[in-house]
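# Observations on the model geometry
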Amino acid sequence: MEGAEVLERLNWRVVTIKESKSETPHAKTLVLDVPEWPGHKAGQHVDVRLTADDGYQAERSYSIASSPQAPDLELTVERLDDGEVSPYLTDEAREGDQFELRGPVGGYFVWEADSSRPLLLIAGGSGLVPLMSILRHHQETGSQADVRLLLSARTLEDVLYRAELEALRDKLAIRLTLTREAPPPEWNGFARRIDRAMLEAVGPGPESHPRVYVCGPTPFVEQAAELLVGIGYEPRTVHTERFGGA
Amino acid sequence: MHKDGNAIAGMLMEIFEVEMTTERRTCQSCGQANEIGAHLLYAGAGYVLRCPNCGDMAAAIATVPDAPRITMFGSWSVEPPAR
Amino acid sequence: MPPISRGFQGRRQTEVDPSRLPPGQYPTKDFPVLSAGPTPHTPLDEWSFSVAGAVGEAKSWTWEEFMDLPNELVTVDIHCVTKWSKFDTGWRGVPVERLLEGTEPWGTFVVAWCDGGYTTNLPLADVTDGKAWVAFEYEGEPLDPEHGGPARLLVPHLYFWKSAKWIRGINLADHDEPGFWEGYGYHNYGDPWKEQRYWND
């Protein structure tokens, strides 16, 4: 990694919202204009900093939704009712607004297309965001790695990137489980919280030595990781990204 | 409740000027080696990173604005950036 | 000056008496949970509190004995070094000077030590004279483990990292010994009114 490239990623840069797209009633994707964006890897995140007119600042991290190949940097933000930053980004922020951004960072949660090992993606709610960047990257690079996604959401209405996932459903193993209603039959999904049986049905099995990525709210990630290790997946191959909590 | 070391990737990059989450640390207590990004992250006055295997301390970070300060435990191996 | 994000205010409580807000702080109605490690869960029948070290006579109490001590209700403002302040928080606790009674302390520094290994240091003068309590109830309910239950130190005039969660005792000494955060770059004393957050403040 070049020294100059590192310094670019270290600095806070001013970004402008080009477009705010509604994904679900509670989530928006912000398409950003980032001067001299150095590019990113699938799974990375950025730190976002907002400044109020009295100088008050709040900082949060958001996973990059767009693939490394996409023309614009995109972040998907889900509104947390008691959140400080997310309600601003989903309800108030509009085209032309600016904030500061640092990154991309987070090499630990990255998937690179030169990996041929099977890939198992487990998403809880908005934990789908970085995994979507990975899935999009997988598709855009023509990767032949066996890829499987299990998404857990409350209702069908909460499923991020629903149309895109529906389109991929026929060619890739994309499985859905809803916790508050049953998915429509065409999903061939589940209607319960994730459990061992579901992960055994969906995953390629530990003997195939997959790379596993789990992302979502902390309790979801902890439960999924524990179940995966219980099934026999090697803990060091299970990459976790816990959202929420402070 | 804790998060993952990966969540402070930005701050670690500010301190070390290198992406740290993929570097490995060998724990002084249990001897297991894990990526920094896999360590457990606690947020108190500052940040604490703990070994994902045994929970012992890997680092404490004082979040001094523009000059964060890290105290590290165990053996951290870091690959310097190519020049 | 970084760019202002138009329309961003955060979730701050806006009607607040500015004389109650230390410099650089922002008021909140939440009670964020901050911690340096996992929440310990010591059963009450294994819990004890002790006063030891540079004292003439060390003392200790079981939970039942501790509950028998006179305690008081206090309402205080608390200030976290991470910039949030919370006003009018209600606690029930035993004043620290009550715990020191009869111990004949000859040391003038205190280290509070806790389940999970956390420590913090304070001058003895900052935990006596109505300045500190060992608190076991918050807003009328038993103190939640996340917030330091069964009992935590409460020292509202200093940054809240000094209000050590899961406290099990105080050791007196004749010299000052930095505690956990003090040893890792935070201010040794921590007066929010002088904005003493870090070692170089």
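Look a little higher up for the structure.
So, here is what we can say about the structure in this document. (Residues numbered from 1 in each chain as written. Chains lettered and ligands numbered in written order. Predicted model: local features only at pLDDT ≥ 70, side-chain atom pairs only at ≥ 80, totals over all residues. Heavy atoms only, no water.)

## Focus: the overall build of chain A
So the rule is basically this: Helix and strand definitions follow DSSP, with helices as H or I runs of at least four residues and strands as E runs of at least two, each counted in order from the N terminus. Throughout, radius of gyration means the C-alpha value; the globule benchmark is 2.2 Å times the number of residues raised to the power 0.38. For the exposure calls, accessible area comes from a 1.4 Å probe over protein chains only, and a residue counts as buried if that area is under 20% of its type's maximum, exposed if over 50%, partly exposed in between. By the convention used here, residues are in contact when the closest approach between their heavy atoms is within 4.5 Å. A positive count includes Lys and Arg, and a negative count includes Asp and Glu. His and the chain ends are not counted in either. Note that the charge is assigned to NZ on lysines, CZ on arginines, CG on aspartates and CD on glutamates.
A tally of regular secondary structure across chain A gives six helices and eleven strands. Taken against the 2.2 N^0.38 rule, which gives 18 Å for 246 residues, the C-alpha radius of gyration of chain A at 18 Å falls within 12% of a compact globule. Residues counted as buried form 56% of the 246 residues belonging to chain A. Sequence-distant contacts in chain A: of pairs separated by 6 or more residues, those separated by 24 or more amount to 70%. The average position of the 26 basic charges and that of the 40 acidic charges among the side chains of chain A differ by 5 Å.

## Structural notes on the overall build of chain B
Note the threshold: For every accessible area listed, the method is Shrake-Rupley and the probe measures 1.4 Å; residues are considered covered only by the protein chains on display.
Secondary structure assignment for chain B yields one helix and eight strands. From first element to last, N terminus to C terminus, chain B shows the α and β order β-α-β-β-β-β-β-β-β. Against the globule reference of 12 Å for 83 residues, chain B gives a C-alpha radius of gyration of 12 Å, in line with a compact fold. The contacts of chain B with a sequence gap of at least 6 include a subset with a gap of at least 24, amounting to 45%. Total accessible area computed for chain B in this model is approximately 3,200 Å², and 46% of it derives from carbon and sulfur atoms.

## Things to note about the side chain of His-79 of chain C
Residues and elements named next belong to chain C. Test applied: Residues adjacent in sequence count toward polar contacts only when both atoms are side-chain atoms; beyond that, a polar contact is any pair of N or O atoms within 3.5 Å, and within protein one must be able to donate a hydrogen and the other to accept it.
Within the secondary structure, His-79 is located in strand β4 (residues 72-79). You can call His-79 buried: its relative accessible area is 3%. A polar contact is formed between the side chain of His-79 and the side chain of Ser-85, at a distance of 2.7 Å. Beyond its immediate sequence surroundings of up to four residues, His-79 is in contact with Arg-20, Pro-22, Gln-25, Trp-84, Ser-85, Phe-87, Pro-156, Leu-158, Tyr-159, Phe-160, Pro-192 and Trp-193.

## Regarding the interface of chain B and chain C
The condition that has to hold: The term buried area means the drop in 1.4 Å probe accessible area that two parts suffer when joined, counted for both and summed.
Counting residues at the interface gives 18 residues for chain B and 16 residues for chain C. In total, about 1,400 Å² of surface goes out of reach between chain B and chain C, with carbon and sulfur atoms giving 61% of it. Three residues, Tyr-42, Ala-45 and Arg-69 of chain B, lead the burial of chain B against chain C; their summed loss comes to 34% of the area buried on that side. At the surface where chain B touches chain C, the tally comes to seven residue pairs in polar contact (both at pLDDT 80 or more).

## Remarks on the sheet that holds strand β2 (residues 24-26) of chain B
Residues and elements named next belong to chain B. To keep it simple, the criterion reads: For two strands to count as paired, DSSP must find a minimum of two bridges between them. Angles here are taken between N-to-C directions and fall from 0 to 180 degrees, while the axes themselves are lines fitted to C-alpha atoms, restricted in helices to the stretch in contact.
In spatial order, the strands read β3-β2-β8; together these three strands make up an open sheet with antiparallel pairing. The strands lining the two open edges of the sheet, one partner per strand, are β3 (33-35) and β8 (75-77). Along the sheet, successive strands turn relative to each other by an average axial angle of 25°, direction set aside.

## Concerning the sheet that holds strand β1 (residues 3-4) of chain B
All names here are of chain B. Spatially, β1-β4-β5-β6-β7 is the arrangement adopted by the five strands of the open sheet, whose pairing is antiparallel. Looking at which strands have only one partner, the edges of the open sheet turn out to be β1 and β7 (69-72). Where strand β6 (residues 57-62) meets β7, four bridges bridge the pair, whose relative direction is antiparallel. In the sheet register, Ala-59 faces β7, and the bridge partner there is Met-72. Seen against the sheet, helix α1 (residues 9-16) touches β5 (47-50), β6 and β7 and runs at an angle of roughly 90° to β7.

## Points about the interface of chain A and chain B
Selection criterion: Salt bridge, as used here: a side-chain nitrogen of Lys or Arg that lies within 4 Å of a carboxyl oxygen of Asp or Glu.
The interface is formed by 28 residues belonging to chain A together with 27 residues belonging to chain B. Between chain A and chain B the total buried area reaches about 2,100 Å² when both faces are included, carbon and sulfur atoms providing 53% of it. Counting the contacts that link chain A with chain B gives two salt bridges. Taking the shortest distance from any N to any O, the salt bridge between Glu-14 of chain B and Arg-102 of chain A comes out at 2.7 Å.

## Details of the pattern of salt bridges
Residues and elements named next belong to chain A. Going through the model one piece at a time under the given rule, you end up with 27 salt bridges over all chains. Two residues, Arg-60 and Glu-84, come together in a salt bridge whose shortest N-O distance is 3.3 Å. In this pair, Arg-60 sits in strand β4 (residues 57-63) while Glu-84 sits in the loop between β5 (73-78) and α2 (86-92), placing the two residues 24 residues apart along the sequence. Residue classification places Arg-60 among the partly exposed residues on the basis of a relative accessible area of 33%.

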